[in-house]
Amino acid sequence: MTTATSAPAGRAPATSAASGPVGAAPAAPAYRFFAVTVARTQQLGPSFRRLTLAGPALTGFGAGGDDQRIKLVISRDGRPVEGLLTDGPNWYQDYCALPDDVRPYLRTYTVRAARPGLGELDVHVVLHGVDGGHAGPAASWAAAAEPGDPVVVLGPDRPGRGRPWGCEWAPPLTGPLFLAGDETAVPAIGAILEALPGERPTIAVLEVPTAGDVLPLDVPPGVEVRWLVRGSRSRGEALGPAVHAALCELGVAKRSAGEDPEDVDLGRGLLWEVPERRTEGCYAWLAGEAGMVKALRRRLVRDLGLPRTSVAFMGYWRLGAAEGS
Ligand SMILES: Cc1cc2nc3c(=O)[nH]c(=O)nc-3n(C[C@H](O)[C@H](O)[C@H](O)COP(=O)(O)OP(=O)(O)OC[C@H]3O[C@@H](n4cnc5c(N)ncnc54)[C@H](O)[C@@H]3O)c2cc1C
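Every residue gets a number counted from 1 within its own chain, in the order that chain's sequence is written. Restriction of local features to residues with pLDDT of at least 70 applies here, the model being predicted, together with a cutoff of 80 or more for giving and counting side-chain atom pairs; totals for whole chains, interfaces and linings are based on all residues.

Enquirer: Give a description of the nonpolar core that names residues and reports values.
Expert: Residues of type Ala, Val, Leu, Ile, Met, Phe, Trp, Tyr and Cys that are buried and joined through C-beta atoms within 7 Å form what is called a nonpolar core. For every residue, the other C-beta atoms within 10 Å of its own C-beta are counted; 20 or more classify it as buried, 12 or fewer as exposed, and values in between as partly exposed. C-beta atoms are placed from the backbone. Among the nonpolar cores identified, the biggest contains 49 residues, and Phe178, Ala180, Ile189, Val205, Ala284, Leu286 and Val293 are the most heavily contacted of them. Going through the elements one at a time, strand E8 (177-181), helix H3 (186-195), strand E9 (202-208), strand E10 (223-229), helix H4 (239-249), strand E12 (283-289), helix H5 (290-303) and strand E13 (311-317) are the ones with two or more residues in this core. A pair of residues counts as a contact when their C-beta atoms, built from backbone coordinates, are within 7 Å of each other. Each residue touching Leu286, except ones within four places of it in the same chain, is listed here: Ala180, Gly181, Val293, Leu296, Arg297, Val311, Ala312 and Phe313. Core analysis: the second largest hydrophobic core is formed by 30 residues, Tyr31, Leu51, Val123 and Leu154 among them. Strands are runs of DSSP state E lasting at least two residues, helices are runs of H or I lasting at least four, and both sets are numbered from the N terminus onward.

Here's what the structure looks like:
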């Protein structure tokens, strides 16, 4: 039994990068805090709220595209948090050293769209539990957010692509593409699909809470998006068979069973395993609630015979556990 690897942005690399020679790959970014305000909000569906965050500092935000993640830093008591945070390589130690009753919440979100030229970025927040009284701090904050509200974003300080920018999407150059996830993965999958060049067999299967959460996506030819409405079913119940069917249609599922993936211990650490970039073959990208993602990955690798090295899987959140707990 193993615990999956590779920490997402809570431990974002906080290197200070030197500028390289002309023509060299961009130097890895440093991570810094951007003080912003909520500029606009839009209710996209019963479960999704778009927050457009804006501020002059964001003209220096390092947009990475695809499934780029950031952290929102949310005040514990409504008071401004900027004065509590330090930029630079020790930001995380300094953050952890803050007293428990002061330390703000750090929550991971996807950059659904970035407009650094305008000093803006959009996040689509799932309003989980806001009606039933069990929402987390980020969902509660987003549900009540109004234009002018302050918040802080943790992200890279220069544009680029790939893992140093918090982007995990790394498909091979050829072969079919497959993506699946719950509502928390909809912003990432939407951003990935809308940026695809197209003309490559691609299926995305998305499970959302209600029919009103089916959002318009502007995808290129060759990309098929299948929405599943969870309704009263349990999370992932509809996804399993739909994932199976989609992979058979893409022609990548073997008839015989594949290897048994090492079991992943959900009790410790993060559920996060992203293979190194390959040059060809089917690429599968799975994200959402950790237990659901674990079951989907097992289906892909054990039941459908996909090589483990073709499957990126990410537990975006865990049922019953606050982020970082
Ligand atoms: C790389 C990455 C990208 C992400 N992108 C997005 C995104 O773009 N939009 C988005 O909405 N989320 C996204 N998430 C998921 C988000 O970080 C979590 O849902 C987070 O836990 C929400 O914080 P909170 O303060 O509302 O709840 P927490 O305080 O973390 O949790 C409180 C309780 O709520 C439960 N809970 C948390 N999230 C959900 C949920 N979605 N549905 C039901 N119960 C939940 C927990 O199990 C816990 O019991 C992303 C996560 C990662 C790792």
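Enquirer: Can you tell me about the site of the ligand, naming the residues and giving the values?
Expert: Here, nearness is defined through the C-beta atom: a residue counts as near a molecule or strand if that backbone-placed atom lies within 6 Å of it. Near the ligand there are 27 residues, and of these Val126, His128, Gly136, Ala138 and Ala322 occur at the shortest range. Looking at the shell around the ligand, the elements that each hand over two or more residues are strand E4 (105-110), strand E6 (120-126), helix H2 (137-144) and E13. Charged means Asp, Glu, Lys or Arg here, nonpolar means Ala, Val, Leu, Ile, Met, Phe, Trp, Tyr, Cys or Pro, and polar covers whatever is left, Gly included. Its residues placed into classes, the shell around the ligand shows 15 nonpolar, eight polar and four charged. Shared between two domains, the shell around the ligand holds at least three residues of each, these being domain 1 (9-15 + 28-156) and domain 2 (168-317). Marked domain ranges trace back to an automatic or database domain assignment.

Enquirer: Got a sec to walk through H4? Specific residues and values, please.
Expert: Within the span of H4, buried status applies to Leu239, Val243, Ala246 and Leu247. Take H4 and look down its axis: the buried residues cluster within an arc of 95 degrees, on one side only. For H4, exposure combined with an orientation more than 90 degrees from the buried face picks out Pro241 and Cys248. Turning to H4, the residues buried within the fold contact E8, E9, E10 and H5. Immediately downstream of H4, the backbone of Gly251 shows phi near 75 degrees, a positive value. What the arc measures is the spread of directions leading from the helix axis to the C-beta atoms.

Enquirer: Explain the sheet that holds strand E7 (residues 150-156) to me, and be specific about the residues and the numbers.
Expert: Here, a strand pair is defined by DSSP locating no fewer than two bridges between the strands. Spatially, E4-E3-E7-E1-E2-E6-E5 is the arrangement adopted by the seven strands of the open sheet, whose pairing is antiparallel. The sheet terminates laterally at E4 and strand E5 (113-115), the two strands that pair on one side only. Between one strand and the next, the sheet's axes are offset by a mean angle of 35 degrees, whatever the strand orientation. Only the stretch in contact is used when fitting a helix axis, every axis being a line fitted to C-alpha atoms; angles between N-to-C directions are given from 0 to 180 degrees.

Enquirer: Help me get a handle on H3, residues and values and all.
Expert: In terms of burial, H3 is largely enclosed, as eight of its ten residues are buried. Residues of H3 that are buried include every one of Val186, Pro187, Ala188, Ile189, Gly190, Ala191, Ile192 and Leu193, and no others. On its buried face, H3 is in contact with E4, E6, E8, E9, E10 and E12.

Enquirer: Account for unusual backbone geometry, with residues named and values stated.
Expert: Of note in the backbone geometry, Asp66 takes a positive phi value of approximately 50 degrees without being a glycine. By the element assignment, Asp66 lies in the loop between strand E2 (48-54) and strand E3 (69-74). On the basis of neighbour counts, which here come to 24 C-beta atoms within 10 Å, the residue Asp66 falls in the buried class.

Enquirer: Outline the sheet that holds strand E11 (residues 272-273), supporting the account with residue identities and numerical values.
Expert: Strand order in the open sheet formed by six strands is E10-E9-E8-E12-E13-E11, with mixed pairing between adjacent strands. Every interior strand has two partners, whereas the edge strands, E10 and E11, have only one. Bridge count between E8 and E12: five bridges; the pairing is parallel. Paired with Gly181 across the two strands is Ala287, which belongs to E12. Its contacts with the sheet put H4 on E8, E9 and E10, and the angle it makes with E9 is roughly 175 degrees. Across the face of the sheet, H5 comes into contact with E8, E12 and E13 while running at roughly 155 degrees to E12.

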